[in-house]
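The primary structure of each chain is shown beneath.
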Amino acid sequence: RALEQGLKVIFCFGEVLAEREANQTIDVVNRQISGLKSLKPEHWNNIVLAYEPVWAIGTGKVATPEQAQEVHQHVRKWIATEISAEVAQNLRIIYGGSVNEKNCGDLIKQADVDGFLVGGASLKPEFAKIVETCNTHNVSA
C-alpha cells in the first residue's frame, strides 16, 4: 500500500543467528524477498532493499564484508532473474547491521553494497566518518 500511495520504501530482510549458523541464510532471504515478484514495474523506482542480519542489529556484531557481499550479490542476481536485469542494475541494496565508522570502509568496498541503513551509530559523532566514507565511494549512508 505504501508504494501505491507514492511513498518510498526500505524493504528489510535478514536471518537470525541460528539460521546463519545452519547455513540457511540464502533460503531464508529467498523466502523473504519472494513477495517482491508482485511489485509493479513503476514501484521499483521507490524501493530500496536493506540486508539486515537480525543477529547484527544493535548487537555490535557485524557481517563480514564477504558475508554481506554474498547476500547482496545473491539478491541482485535473484532480482535480475525474477524481475529484470535493468531493475537489478539500478536497484540500491544497502547493508544495515551494526554499521559503524570502523567497519563501513571494508563493507562499502563490496561490489553489491550500495550504502548503509545506519541505526544507533547515526546518533554519535562518528556518524560523520560513515557519511564521509560513503561520499568517497559515491553512495549513501
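Reading the values: rules and limits
- Residues numbered from 1 in each chain as written.
- Predicted model: local features only at pLDDT ≥ 70, side-chain atom pairs only at ≥ 80, totals over all residues.
- Heavy atoms only, no water.
- Phe/Tyr/Trp six-rings, centres within 6.5 Å; stacked < 30°, edge-to-face > 60°.
- Core = buried A, V, L, I, M, F, W, Y, C linked by side-chain atoms within 4.5 Å.
- Buried < 20%, exposed > 50% of the residue type's maximum accessible area, 1.4 Å probe, protein only.
- Helix = DSSP H or I, 4+ residues; strand = E, 2+ residues; numbered from the N terminus.
- Contact = heavy atoms within 4.5 Å.
- Salt bridge = Lys/Arg side-chain N within 4 Å of Asp/Glu carboxyl O.

Q: So what about the packing of aromatic side chains? Which residues, and what values?
A: The geometry of an aromatic ring pair comes down to the distance between the two centres and the angle between the two planes. Under the definition given, this model contains two aromatic pairs. In this structure an aromatic cluster arises from ring pairing among Phe13, Tyr51 and Tyr95.

Q: Go over the nonpolar core, please, and point to the residues and values.
A: Judged by nonpolar contacts, the single largest core of 34 residues is most densely connected at Leu36, Leu49, Val75, Ile79, Tyr95 and Phe116. Among the secondary structure elements, those contributing two or more residues to this core are helix H2 (25-33), strand S2 (47-51), helix H3 (65-82), helix H4 (85-90), strand S3 (93-95), helix H5 (104-108) and helix H6 (127-136). No other element matches the five residues that H3 contributes to this core. Apart from residues no more than four positions distant in its own chain, Leu36 is found in contact with Phe11, Trp44, Ile47, Leu49, Trp78, Ile79 and Ile83.

Q: Tell me about the pattern of salt bridges, and name the residues and values.
A: Summed over the entire model, instances satisfying the criterion amount to eight salt bridges. Residue Asp114 pairs with Arg76 through a salt bridge whose shortest N-O separation is 2.6 Å. Pair noted here: Asp114 is in the loop between H5 and H6 and Arg76 is in helix H3, with a separation of 38 residues, a long-range link. Between Lys102 and Glu101 there is a salt bridge, with the nearest N and O atoms lying 3.7 Å from each other. In this structure Lys102 comes out as exposed when scored by relative accessible area, which is 70%. If you follow the salt bridges from partner to partner, you end up with Glu15, Arg20 and Glu70 in one network.

Read these as layout, nothing more, since geometry by itself doesn't imply function.
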